[in-house]
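# A structural walkthrough
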Amino acid sequence: MNINQPAPPGVPYGQPQPGYAGYQSSYGGQPGPMVPPSPYGAYNGPMPGYHQLPPPGMPRAPPSSGTPPASTTARVPSGQSAYGQFGQGDVQNGPSSTVQMQRPPVSQPFVPAPVASLVSQPAAFQPYGPPPTGAQVTTQMAGMQISGPAAPPPSGLGYGPPPTSMASASGSFQGSNLYGSYPQNLAPPTSLTQAHPGAQTPQRSTPMQASSFPPSAAGGPRPPSITGPSMSGQSFGVPPVSQSNHASSPPPQAQPPVPGPPGPPPPMHSSQPGYQLQQNGSFGPPRGPQPNYGGTYSGAPNFASQPGPPQPPPPKRLDPDSIPSPIQVIEDDRNNRGSEPFVTGARGQVPPLVTTNFLVKDQGNASPRYIRCTSYNIPCTSDMAKQAQVPLAAVIKPLARLPPEEAPPYVVDHGESGPVRCNRCKAYMCPFMQFIEGGRRFQCCFCSCVTEVPPQYFQHLDHTGKRVDFYDRPELSLGSYEFLATVDYCKNNKFPHPPAFIFMIDVSYNAVRSGLVRLLCEELKSLLDFLPREGGAEESAIRVGFVTYNKVLHFYNVKSSLAQPQMMVVSDVADMFVPLLDGFLVNVSESRTVINSLLDQIPEMFADTRETETVFAPVIQAGMEALKAAECPGKLFLFHTSLPIAEAPGKLKNRDDRKLLNTDKEKTLFQPQTGFYQSLAKECVTQGCCVDLFLFPNQYVDVATLGVVPHHTGGSIYKYTCFQVESDQERFLSDLRRDVQKDVGFDAVMRVRTSTGIRATDFFGAFYMSNTTDVELAGLDGDKTVTVEFKHDDRLSEDSGALIQCALLYTSCAGQRRLRIHNLSLNCCTQLADLYRNCETDTLINYLAKFAYRGVLSSPVKTVRDALVSQCAQILACYRKNCASPSSAGQLILPECMKLLPVYLNCVLKSDVLQPGAEVTTDDRAYVRQLVTSMDVAETNVFFYPRLLPLTKVPVESTAEPPAVRASEERLSKGDVYLLENGLNLFLWVGASVQQSVVQSLFNVPSFSQITSGLNALPVLENPLSKRVRDLIDSFRAQRSRYMKLIVVKQEDKLEMLFKHFLVEDKSLSGGASYVDFLCHMHKEIRQLLS
Ligand SMILES: [Zn+2]
């Protein structure tokens, strides 16, 4: 399976795409003729002239650049009252006179020079012009430094079996016991997965060159040290000095292949030596003499003890300081790009990294907060694209929240006539449309069709061909804006009612006993005052309703005229109906008294329940039916505790089975166990019913199945394993508050249009698709992204570039129908080097992770991992072959923009979904898989490579965030305290030799030994260090969309195993390679491709 190929046949879970494969490419970004009718006539519907293909010679793209010409006439005074709110201040106004229309200089976006100077080959970019300074990094792996002391455990570098002692430890923490009772105390954070960095300053330069591959005899890409016994004797004992840095490695095939290292093989099946099937087979399976390969790599002793062969001598290793450091890259970008605003006027600009704080000035292209691309320079032809294997994708977050300094998109009201659109492809008016014939017509920048300008929209052009009202109209000068939709954009041609929220509470034994029901009811009393409202509205337009359930459902009449709430029980769950309409959905302030009374009574009513069984699907059906009856969209908040085994539609059985791991059937664990929920999801989407699911399981609940409806309706899933009020309420309440208060677009449809030459072919995220072009979202909030992949269907031109327009039609929380439009213009190239110079690795990883996580639904996990490695090797090999100057094969040469691809890719490969540790449950994997699917680039970045910050290095009075260090155990000092976060998990690690004063200041105990391991909060102490650390924790939490529960971990304590899981540069317990080893492996793969 090749990553870049269309999805595997099995209809991926996230992607109902009937007829997908047969999607014909037609012109422009248009849907093929087979697009099914849509309820939204004006939005998607057939358009006049739609089927007429443009005549062959028809004029195509507009003048060379779509961006409005830069003009020296600065801006025209804004005269239009209608757009009065817009048009003052240069932030909002069109391109400034200084905006460059040209493609940015070659090396522009990414890091400057220090590295370049180290490059051993000055001529790196010869074929493409002046050698850009920072264009590439040469990591010379020839003659790598051997660092004695730091050598990894004897078992071998990355693949060795974890020390046995660890094994036992891992068994003990967290009750790794997957089937039976979950641990009671330390409910493991749901997902113990990966994460991301902080900021330190590894010497990037030194490293790059210092190390080199030892003359790897084998020609195997691996440094001998890693390769195992056979080589170790030879070149290795030698002190680094004696090794020529640039040692040329012998011809690749000359010697017996070195045993392959790498990969993140699944711990469990020893029959599968890692990467065997690659290209020329040199990686092959079992190599007898390599004990560490077989043993370590394929079946970590943890899981399969391998008596076998003698242990190889301690391997030498590549100096970790010599390989590209995420911390360094992040810090460099912050330093270089964090001070100036990112101005979006120019086409194809690569934005600063997601880890850099920067402001955005919209001057015609959508902010990177809304859209980020894997590359901002697209190959002109599909052949080039195939050669490079760089996926062309955009990660789109249509309703992204903006920092307070940036204005939200302006809302444009064109009255009854609605937005101006291209007659043929229906693209919306945008800065790239070209006005012609004195302004009477405009030529579409997407399909080239010429459309009459409606009389009421007519405006004269200035001498540059630009409309004189250019700066007064957001849709002519900005990348992002909104239109008020007309009734044509509404379901059944009727304006929608405001949405409703329905709270559906499991009141079975477990929910009551854990204290959840009481806690939730108490919280709702105050939370209902904070439902989302629009603009300055005094109160929310959202109505609310309440249902409780176990095996039966209880509906509540909370009509304001009642003295007490009334309960109506529906026990026939087979054919769900809503027993009351009047009084079920109410206005909070009107029914305040009755609602409070109900919320007081619920915990009492069920306090003595013995009912342990629950239903699930009927609950969703009930909520959906209630919304249908009220003719409104809305959201269901479900609070659920157990596997729904009661007799009812959607009943489930426990089908969890660890034995399926690493078998062909492993994929079934990610698939829903019945198709019932898919159908239910479809009905919900039709109704605009979004489902948010809060799970409180004490054991397996089948997240893969229960998550289907939330996933396809654009909802969220939260999971609190072994929920206990004392330790988990803060996290739950915080998530709940945020979830209930956040702004949501309801009943949404998203369409991505592209200019001629490319089109959207694949979509990833939490949504539903009933045809090949429309992404349907019952609800969409500001945290969710939709990732779109593009493929060529024609040749692109460097002159016209490529355009993307994302249009989201949705109902606001006040019930207003709107269209949000985002436009982005990209460059196109005929030289591969331009592609590699304008890539964004963080976005690439976001796409690759989503692609892989969808792949596990239909392919064995190992196949998915191998495909990832293979694709990335091809990406890097293509660069090496076409863009880098010739150099010794012993050198690993990475494009500057992609120098972190190996380290980040390794993190994806080692993640719990693709290579789970023994303590990771089936539900955890399904949960993480779904979460990642909707993550934006910043979230995947920190999720796969956690941030690790030392806390005592910086003066306590400093308010700056301490510089991060790389996520590796060897970066931890015993005398320091560290914070680690990945967006879902948060640890405070305390070194064993930390100063007593620090212990006292943070924990209020006299010594390290008295710190309680597993603590979930720091005591509130009045001293600068305590305050500083608590502030830092708060700021981490504020940056993430989910509350991270703190876990205090002491060095050498059992819990430390949990923490080490996040030190992603190290070899993992589950068999994942260390960064160093993986880099060597990639190098080998690349060399094989080149040879
Ligand atoms: Zn068009």
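The structure this text deals with has already been given above.
Just so it is clear, the model here is predicted, and its values are computed rather than measured.

### Observations regarding the coordination of the zinc ion
At 2.2 to 2.3 Å from the zinc ion lie its protein donor atoms, namely Cys422 (SG), Cys425 (SG), Cys444 (SG) and Cys447 (SG). Around the zinc ion, the four donor atoms are arranged such that angles at the metal cover 100 to 115 degrees; this shape is classified as tetrahedral. Sequence spacing of the donor residues for the zinc ion, all on one chain, is C-x2-C-x18-C-x2-C. Placement of Cys425 in the loop between strand E7 (411-412) and strand E8 (434-436) and of Cys444 in the loop between strand E9 (441-443) and strand E10 (450-452) is noted, with a sequence separation of 19 residues between them. Like Cys425, the residue Cys444 is buried in the burial classification.

### Section: a nonpolar patch on the surface
Together, Met567, Val569 and Met605 give the surface a local cluster of nonpolar side chains, amounting to about 250 Å² of exposed area. Its location among the elements puts Met605 in helix H14 (residues 592-605). Accessibility expressed as a relative area gives 38% for Met605, which makes it partly exposed.

### Some thoughts on the sheet that holds strand E30 (residues 1046-1050)
If you walk across this open sheet you meet the four strands as E27-E28-E29-E30, and the pairing is mixed. A strand with exactly one partner marks an edge of an open sheet, and here the two such strands are strand E27 (947-950) and E30. Taken pair by pair, the neighbouring strands of this sheet meet at an average axis angle of 20 degrees, ignoring direction.

### Digging into the pairing of E27
The alternating pattern of E27 places Arg947 and Leu949 and Leu948 and Pro950 on opposite faces, both of which are buried. Judged from the four bridges that link them, E27 and strand E28 (residues 977-981) form a sheet pairing that is antiparallel. Bridge pairing in E28 places Leu949 opposite Leu979.

### Digging into the environment of Pro499
Among the structural elements, Pro499 can be located in the loop between strand E11 (480-484) and strand E12 (500-506). With relative accessibility at 0%, the residue Pro499 sits in the buried group. Taking the C-alpha atoms as reference points, Pro499 and Ala541, separated by 42 residues in sequence, lie 7.5 Å from one another. In this view, Pro499 contacts Ala541, Ile542, Arg543, Pro633, Gly634, Phe746, Ser812, Cys813 and Gly815; residues no more than four positions away in its chain are not counted.

Reading the values: the criteria
- Residues numbered from 1 in each chain as written.
- Predicted model: local features only at pLDDT ≥ 70, side-chain atom pairs only at ≥ 80, totals over all residues.
- Heavy atoms only, no water.
- Donors = N, O, S within 2.8 Å, 3.2 Å for Na, K, Ca; no water.
- Tetrahedral: all angles 85-135°; square planar, octahedral: opposite > 155°, others 65-115°.
- Helix = DSSP H or I, 4+ residues; strand = E, 2+ residues; numbered from the N terminus.
- Buried < 20%, exposed > 50% of the residue type's maximum accessible area, 1.4 Å probe, protein only.
- Patch = residues over 30% accessible without salt bridge, like charges linked within 9 Å, V, L, I, M, F, W, Y side chains within 5 Å.
- Areas by Shrake-Rupley, 256 points an atom, 1.4 Å probe, with all protein chains shown as cover.
- Salt bridge = Lys/Arg side-chain N within 4 Å of Asp/Glu carboxyl O.
- Pairing = 2+ DSSP bridges.
- Axes fitted to C-alpha atoms, helices over the stretch in contact; angles between N-to-C directions.
- Contact = heavy atoms within 4.5 Å.

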